[in-house]
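A closer look at the structure
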Amino acid sequence: MLPEEVQPTQPSAEEEKTNKTKKGGEPKEAKSRVTKPKKSVSRKKTIKKEETAPKPKNVKVATPEPKEQLEIKEDVEPATKQYFYDDEEEYSEEEYAEMLQAYEETMRDIREGEIVKGKIIQVSETDALVDVGFKSEGIIPIIEFGEPLNVKVGDEFDVYLESIENQDGQLVLSKQKADFMRVWDNIKNAYDNGELVEGRLLRRIKGGMVVDLFGVDAFLPGSQVALRPVPDLDQLIGETFAFKIIKLNKMRRNIVISRRVVLEEERAKAKALIIKELEVGQVREGTVKNITDFGAFIDLGGIDGLLHITDMSWGRVSHPSELVAIGDVLKVKVLNFEQERERISLGLKQLTPYPWENVEEKYPVGDKVRGKVVSITDYGAFVELEKGIEGLIHISEMSWTQHIRHPSKVVAIGDVVEIVVLKVDKAGEKISLGLKQIQQNPWLTLEERHQIGSRVTGRVRNLTNFGAFVEIEEGIDGLVHISDLSWTRRIHHPSEVLKKGDKVEVTILNIDKDNRRVSLGYKQLIEDPWEHLSEVYPVGTNVQGTILRLLERGVIVELPESVEGFVPLTQLGRPDIRKPAEAFSVGEEIPLKVIEFDLSNRKIILSAKAYFEDHEKTELESYLAKHPVKSMTMGEVAGAKEMGKATKVLSDEDESSAEEQQDSAKQSEQKPPPSENSPEEDKSPDNQESSST
């Protein structure tokens, strides 16, 4: 350590007396001097004359503070005590005073709150040691030097002196505060005058970004970066923009800036200019700003316009994102402009020729063309013939023979198909197309392949209440009406004779190629037996009949030769019954006599009463005993109707009504057979069996 103060050596009492005696007056103070050291005096380090120590405060006489402590030889006499320095030179008192004055001139008169020059003398990962020319150095955190970090030993900076001495005896310095104080006037003037300042984005922090503004850090909130939220702020790091200072606090060194305010001002100026220039029909360049389901918003440079999805392309567009993306630069045409509401309608397709202009010449009726299936609906498929021109293949124009349930069964989106132009409507922008017309109509040559009266084997594809549909060749069905299933039986449902999926032989009865209908016969495979039955069952013939059905006013019986006959209620031989079910049941055999044979209507009327008129009374009594009268409740009658053939009870009106329905259905137009994928079959896969039950 350096000595706090070096005073001249005081003479002893004896020396003082001697001095008085010699000069004849008061003893004078012995003049101290510095002599050159002897050779035996040791020194630690050589110190040059110009090296001096700083002058401490509140000390009248400061002593030199060399880096190495000077040594005093104790063997020197007190009156002539000498000071030895490492340069081995002897200084007089005047020279020593000059040396102290020179050292004091090198000391800086610094005060707290000032900006001083500092020099980097050491750099670590976290701090930098700075010398400001005072007796001690200061430490500045390395983070205050900003990014990118480029600090090295020897660099000089302006630093702010916050405190002369902290608890560790070091200067408290700050580079950031010095930078702030240095540029404060510029920042304050820019804030007061609303001037723009330029800054570079340094890094991202919570809530926004740090910007280098005149060498100091300023805060840019995330909401003030742009007009719209920026998804990725990191992509802006390193960019330089113009900003406006919107908040200032000198005490807290807080600077808040905004880029959005600058952009809004620029946008307002550009918007006012565009509104003056904008006219319907103009073609302008814009940037896609936002995309919705119904269109895209285009920034024309200060004002937005809507490009509706219907104005994007002459062709089909499912979503605007198929044609445009955010950030795309487009040329658009101004279709409409409402200046009061600042609403602008834009068009993109209007910049290309109208594709329907000469559509009749490009696609004449009857021509075969190729197109791509772009959409499928329940009623057909849309085919794109060229960009902006589409045609419809209706579901009815997809197959000559098949009854298509849905167009997706035939075509799929993306298929390239060959079709025929059926109709062109330029005004309505519609084209009707046909897929089945590519192939020959099989109905035109059906009569050549299947002549009337010929027999053909087919598969029972569907059963209905009025008949059975039989596929005679691929895609072509014929109808076997319920009345053509049997010569001798009254069929209530086709399932009594045929089952779905059966292979059967049928006869071609009629072909209507215009209406695409074929009538088939099942009973026609055999000859009409009624001519023969007239000989088998002449009036007066006695027969045995098996009860098949119980009606309200009689019963239906089955006779030999698989023919049916009717026994009226009054002819059952029991005059005391009101309904056949009171004495008879299905499956019983009863003796009968033919009382009427109607060949034209194919009916046989029978009577048990007439039979017993020609037979013994004992046989009638036995018959009556076998069929006693029993009463039936309404519930039993209703239950019998639900049980079917086993206990079926029908009225004559029901029977006649069923016959009329069969005849009416046969005379009416033949219905087209439903396809295998028709809704009827989908609802009930075994609908034939369920219908029969």
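The structure displayed is predicted, hence computed values, not measured ones.

**Side note on the overall build of the protein chain**
- Within the protein chain, the secondary structure is distributed over 13 helices and 31 strands.
- Every one of the 693 residues in the protein chain was classed for burial, and the buried ones make up 39%.
- Just so you have it, the protein chain exposes about 40,300 Å², and 47% of that area is on carbon and sulfur atoms.

**Notes on the sheet that holds strand 17 (residues 380-386)**
- The five strands lie next to each other as 16-17-18-20-19, forming a closed barrel whose pairing is mixed. Across the sheet, the axes of successive neighbouring strands diverge by a mean angle of 55°, strand direction being ignored.
- Summarising the sheet, strand 16 (residues 368-376) and strand 17 pair through four bridges and their orientation is antiparallel. Of the residues in strand 17, the one forming a bridge with Lys-372 is Glu-384.

**Describing the pattern of salt bridges**
- Counted under the stated rule, the structure contains 19 salt bridges.
- Arg-267 is the salt-bridge partner of Asp-299, the closest N and O atoms lying 3.6 Å from each other. With Asp-299 in strand 12 (residues 295-299) and Arg-267 in helix 4 (residues 260-277), this residue pair connects regions lying 32 residues apart in the sequence.
- Here Asp-299 falls in the partly exposed class, since its relative accessible area comes to 22%.
- Its relative accessible area of 21% is what places Arg-267 among the partly exposed residues.
- Of the charged contacts in the structure, one is a salt bridge between Glu-582 and Arg-578, with a shortest N-O distance of 3.6 Å.

**Brief notes about unusual backbone geometry**
- Although it is not a glycine, Glu-429 sits at a positive phi angle of roughly 55°.
- Take Glu-429: it is sitting in the loop between strand 19 (416-425) and strand 20 (430-434).
- Classification of Glu-429 as partly exposed rests on a relative accessible area of 38%.
- Positive phi, normally seen in glycine, also occurs at Arg-516, with a value near 55°.
- The partly exposed category is assigned to Arg-516, whose relative accessible area is 31%.

**As for the packing of aromatic side chains**
- All chains considered together, the criterion is met by eight aromatic pairs.
- Taken together, a centroid distance of 6.4 Å and an interplanar angle of 85° make the contact between Phe-241 and Phe-243 edge-to-face. Just as Phe-241 is buried, Phe-243 falls in that class too.
- Each ring, one from Phe-584 and one from Tyr-623, has its centre 6.2 Å from the other, and the planes form 40°; the classification is tilted. Of this pair, Phe-584 sits in the loop between strand 28 (563-568) and strand 29 (589-598) while Tyr-623 sits in helix 9 (residues 617-626), placing them 39 residues apart in sequence.
- Among the residues examined, Phe-584 registers a relative accessible area of 2% and is labelled buried.
- A relative accessible area of 4% places Tyr-623 in the buried class.
- Among the aromatic side chains, those forming a connected cluster through ring pairs are Phe-584, Tyr-611, Phe-612 and Tyr-623.

**What about the pairing of strand 7 (residues 208-213)?**
- In terms of residue burial, strand 7 counts as a mostly covered element, since five of its six residues are buried.
- Sheet topology note: the strand 6 (residues 196-205)/strand 7 ladder contains five bridges and is antiparallel. From the neighbouring strand, Arg-204 faces strand 7, where its bridge partner is Met-209.
- In textbook terms, the turn of a hairpin is the stretch between consecutive antiparallel strands, and for strand 6 and strand 7 this stretch comprises two residues, one of which, Gly-207, has a positive phi near 90°.
- Across six bridges, the pairing between strand 7 and strand 8 (residues 216-221) is antiparallel. Paired with Asp-212 across the bridge in strand 8 is Asp-217.
- A loop of two residues connects strand 7 with strand 8, the two strands running antiparallel in sequence, and Phe-214 in this loop sits at a positive phi of about 60°.

**Quick notes on helix 3 (residues 175-193)**
- For helix 3, spanning 19 residues, the distance from its first C-alpha to its last is 27 Å, which sits close to the expected 27 Å at 1.5 Å a residue.
- One or two positions beyond helix 3, positive phi appears at Gly-194, with a value near 70°.

**Points about the pairing of strand 1 (residues 115-123)**
- Bridging between strand 1 and strand 4 (residues 156-163) involves five bridges; their strand directions are antiparallel. Across the sheet, the residue bridging to Ile-115 is Tyr-160, located in strand 4.
- Linking two consecutive strands that pair antiparallel, namely strand 1 and strand 2 (residues 127-131), is a turn of three residues.

**What to know about the sheet that holds strand 25 (residues 517-521)**
- Within the closed barrel, the five strands sit side by side as 21-22-23-25-24. Their pairing is mixed. Taken pair by pair, the neighbouring strands of this sheet meet at an average axis angle of 50°, ignoring direction.
- Direction of pairing for strand 23 (residues 476-481) relative to strand 25: parallel, over a ladder of two bridges. Residue pairing for strand 25: Leu-479 is matched across the bridge by Ser-519.

**Focus on the nonpolar core**
- Core analysis: the largest hydrophobic core is formed by 27 residues, its most contacted members being Tyr-537, Phe-584, Ile-604 and Leu-606.
- Those elements giving two or more residues to this core turn out to be helix 7 (530-536), strand 26 (542-551), strand 27 (554-559), strand 28, strand 29, strand 30 (603-607) and helix 8 (608-613).
- Those residues within four positions of Phe-584 in sequence are excluded, and the remaining contacts are Ile-547, Leu-550, Leu-572, Arg-574, Ile-577, Ile-590, Tyr-623 and His-627.
- By size, the runner-up hydrophobic cluster in this structure holds 22 residues, among which are Phe-180, Ile-245, Leu-248 and Ile-257.

**Topic: the side chain of Lys-349**
- Note that Lys-349 resides in the loop between strand 15 (343-347) and helix 5 (359-362).
- The buried charged residue Lys-349 lacks any salt bridge, with Asp-311 as its nearest oppositely charged partner at 4.4 Å.
- Sequence-distant contacts of Lys-349, defined by excluding residues within four places in its chain, comprise Thr-310, Asp-311, Met-312, Ser-313 and Trp-314.

**A look at the environment of Thr-457**
- Along the chain, Thr-457 falls in strand 21 (residues 455-464).
- Of the residues examined, Thr-457 reaches a relative accessible area of 52% and is grouped as exposed.
- Considered as a pair, Thr-457 and Val-504 are 47 residues apart in the sequence and their alpha carbons are 5.6 Å apart.
- If near-sequence neighbours (up to four positions away) are discounted, Thr-457 is found in contact with Ile-472, Val-504 and Glu-505.

**A short note on the environment of Tyr-191**
- Its location among the elements puts Tyr-191 in helix 3.
- In this structure Tyr-191 comes out as partly exposed when scored by relative accessible area, which is 33%.
- The spatial distance from the C-alpha of Tyr-191 to the C-alpha of Leu-248 is 7.8 Å, given a sequence separation of 57 residues.
- Sequence-distant contacts of Tyr-191, defined by excluding residues within four places in its chain, comprise Ile-245, Ile-246, Lys-247 and Leu-248.

**Looking at the side chain of Thr-541**
- With respect to the helices and strands, Thr-541 occurs in the loop between helix 7 and strand 26.
- A polar contact is formed between the side chain of Thr-541 and the backbone oxygen of Pro-538, at a distance of 2.7 Å.
- Those residues in contact with Thr-541, other than ones at most four positions away along the chain, are Val-536, Leu-592, Lys-593 and Val-594.

Parameters and conventions
- Residues numbered from 1 in each chain as written.
- Predicted model: local features only at pLDDT ≥ 70, side-chain atom pairs only at ≥ 80, totals over all residues.
- Heavy atoms only, no water.
- Helix = DSSP H or I, 4+ residues; strand = E, 2+ residues; numbered from the N terminus.
- Buried < 20%, exposed > 50% of the residue type's maximum accessible area, 1.4 Å probe, protein only.
- Areas by Shrake-Rupley, 256 points an atom, 1.4 Å probe, with all protein chains shown as cover.
- Pairing = 2+ DSSP bridges.
- Axes fitted to C-alpha atoms, helices over the stretch in contact; angles between N-to-C directions.
- Salt bridge = Lys/Arg side-chain N within 4 Å of Asp/Glu carboxyl O.
- Phe/Tyr/Trp six-rings, centres within 6.5 Å; stacked < 30°, edge-to-face > 60°.
- Expected span 1.5 Å × (residues − 1).
- Core = buried A, V, L, I, M, F, W, Y, C linked by side-chain atoms within 4.5 Å.
- Contact = heavy atoms within 4.5 Å.
- Lys, Arg positive; Asp, Glu negative; His and termini not counted.
- Polar contact = N/O pair within 3.5 Å; in protein donor to acceptor, adjacent residues only side chain to side chain.

Purely spatial values, then, with no claim about function.
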